[in-house]
Amino acid sequence: MALDNLRDLYQQVILERYKKPRNRGKSNPVDRYQKGHNPSCGDTIELTLKLSEAGDRIDEVKFEGEGCAIALASADLMADALRGKTTVEALEMVQRFQSMMRGEAEFPQDLRKLNVMQGVAQFPVRIKCANLSWHTLKAALESPQGVQPAAAISNE
Ligand code: ZN
């Protein structure tokens, strides 16, 4: 497939996810909550997570928020990809995503849907938009007390 066509396809996936997200809303119950903000674009995201009984596996991720197509599509794709992953695997995925945004990595076959965000690496001003949900997820997983007060983290 020619590079231009591939880029069009990626843009289509991003726009479709933006218009028809599959993971909007709140998890039930809310085991983790974290709000994230990307001041450079104005994207805001509220992530909620349902964890397994032992607390070491992600059963469900939902998001709410306002922002550009890249920020919200990234959140929706992330939520799909995290279902059933351990919290350790999820933190590895955060690192891999951030490496991908530097053009240094991509996801293996079973997570290849996340690679549609790869093209964003070519647009430095948009990288923070794509990273926002992952950055917020990391904070949600690393907060020891579970449900946090509504203090937003910033990815600046
Ligand atoms: Zn944005």
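See the structure shown above.
Residues numbered from 1 in each chain as written. Predicted model: local features only at pLDDT ≥ 70, side-chain atom pairs only at ≥ 80, totals over all residues. Heavy atoms only, no water.

A.B. asks: Even after reading the chapter, I still don't get empty space enclosed by the protein, so can you show me in this structure?
C.D. replies: Think of a ball as big as a water molecule: rolled over the atoms, this probe shows where empty space is left. In this structure the tally under the stated criterion is one cavity of 30 Å³ or more. What the largest cavity holds in volume is close to 30 Å³. Forming the boundary of the largest cavity are Gly 25, Lys 26, Tyr 33, Glu 46, Thr 48 and Glu 64. Split into classes, the residues belonging to the lining of the largest cavity amount to one nonpolar, two polar and three charged. (1 Å grid on protein atoms, 1.4 Å probe; cavity = no way out; pocket = protein on both sides within 12 Å on 5 of 7 lines; lining within 4 Å. Points joined across faces, edges and corners; volume = space filled by probe spheres on them. Nonpolar A, V, L, I, M, F, W, Y, C, P; charged D, E, K, R; others polar.)

A.B. asks: Explanation requested: the coordination of the zinc ion in the structure shown.
C.D. replies: Under perfect tetrahedral coordination by four donors, a metal shows angles of 109.5 degrees; under perfect octahedral coordination by six donors, it shows angles of 90 or 180 degrees. Those protein atoms acting as donors to the zinc ion are Cys 41 (SG), Asp 43 (OD), Asp 43 (OD), Cys 68 (SG) and Cys 129 (SG), and they sit at 2.2 to 2.7 Å. In primary sequence terms, the donor set of the zinc ion follows C-x1-D-x24-C-x60-C. Taken together, the positions of Cys 41 in the loop between strand 1 (32-38) and strand 2 (43-51) and Cys 68 in the loop between strand 3 (58-66) and helix 2 (69-82) put the pair 27 residues apart, joining distant regions of the chain. Given the relative accessible area of 32%, Cys 41 is considered partly exposed. Looking at Cys 68, the relative accessible area reads 15%, which means it is buried. (Donors = N, O, S within 2.8 Å, 3.2 Å for Na, K, Ca; no water. Helix = DSSP H or I, 4+ residues; strand = E, 2+ residues; numbered from the N terminus. Buried < 20%, exposed > 50% of the residue type's maximum accessible area, 1.4 Å probe, protein only.)

A.B. asks: Is there a simple way to think about the environment of His 135 in this case?
C.D. replies: Here His 135 is to be found in helix 4 (residues 124-142). The spatial distance from the C-alpha of His 135 to the C-alpha of His 37 is 9.6 Å, given a sequence separation of 98 residues. Once you skip the residues sitting within four places of it in the chain, His 135 turns out to touch Gln 98, Ile 153, Ser 154 and Asn 155. (Contact = heavy atoms within 4.5 Å.)

A.B. asks: When you look at the side chain of Asn 38 in this model, what are you seeing that I'm missing?
C.D. replies: Of note, Asn 38 is situated in strand 1. Ignoring any residue separated from it by four or fewer positions in sequence, one finds Asn 38 in contact with Asp 43, Lys 128, Cys 129, Leu 132, Asn 155 and Glu 156.

A.B. asks: Could you clarify how one ought to interpret the packing of aromatic side chains in this entry?
C.D. replies: When we look at a pair of aromatic rings, we describe it by the centre distance and by the angle of the planes. Counted under the stated rule, the structure contains two aromatic pairs. Aromatic pair Phe 97 and Trp 134: ring centres 4.9 Å apart, planes at 15°, arrangement stacked. On the criterion of sequence distance, the pair formed by Phe 97 in helix 3 (residues 87-101) and Trp 134 in helix 4 is long-range, its members being 37 residues apart. Like Trp 134, Phe 97 is buried. Members of the aromatic cluster, joined through ring pairs, are Phe 97, Phe 107 and Trp 134. (Phe/Tyr/Trp six-rings, centres within 6.5 Å; stacked < 30°, edge-to-face > 60°.)

A.B. asks: Please explain the packing of helix 3 against helix 4 as it appears in this structure.
C.D. replies: The relative placement of two packed helices is expressed as an angle between their axes plus a distance between the axes. Where helix 3 contacts helix 4, the axes come no closer than 10 Å and their chain directions differ by 155°. By the angle between their axes, helix 3 is roughly antiparallel relative to helix 4. At the point where helix 3 passes helix 4, the crossing takes the left-handed sense. Between helix 3 and helix 4, the residues in contact are Thr 87, Ala 90, Leu 91, Met 93, Val 94, Phe 97, Gln 98 and Met 101 and Ile 127, Ala 130, Asn 131, Trp 134, His 135, Leu 137, Lys 138, Leu 141 and Glu 142, respectively. In terms of residue class, the contact of helix 3 with helix 4 is built from 11 nonpolar, four polar and two charged. (Axes fitted to C-alpha atoms, helices over the stretch in contact; angles between N-to-C directions. Parallel < 35°, antiparallel > 145°, perpendicular 65-115°, else oblique. Left-handed = near helix turned anticlockwise from the far one by under 90°.)

A.B. asks: How do you make sense of the nonpolar core when you look at a structure like this?
C.D. replies: Within soluble globular proteins, side chains that are nonpolar generally end up buried alongside one another. Of all hydrophobic cores here, the largest spans 39 residues; its most connected members are Met 117 and Leu 137. For this core, the secondary-structure elements that each account for two or more residues are strand 2, strand 3, helix 2, helix 3 and helix 4. Here the element with the most residues in this core is helix 2; it accounts for 11 residues. Those residues in contact with Met 117 that sit more than four places away from it in its chain are Ile 14, Ile 70, Ser 74, Leu 77, Phe 97, Met 100, Met 101 and Ala 130. (Core = buried A, V, L, I, M, F, W, Y, C linked by side-chain atoms within 4.5 Å.)

A.B. asks: What should I look at first to understand the environment of Cys 68 in this one?
C.D. replies: A C-alpha to C-alpha distance of 16 Å links Cys 68 and Met 78, two positions 10 residues apart in sequence. The residues contacting Cys 68, other than those within four sequence positions of it, are Tyr 18, Cys 41, Asp 43, Arg 126 and Cys 129.

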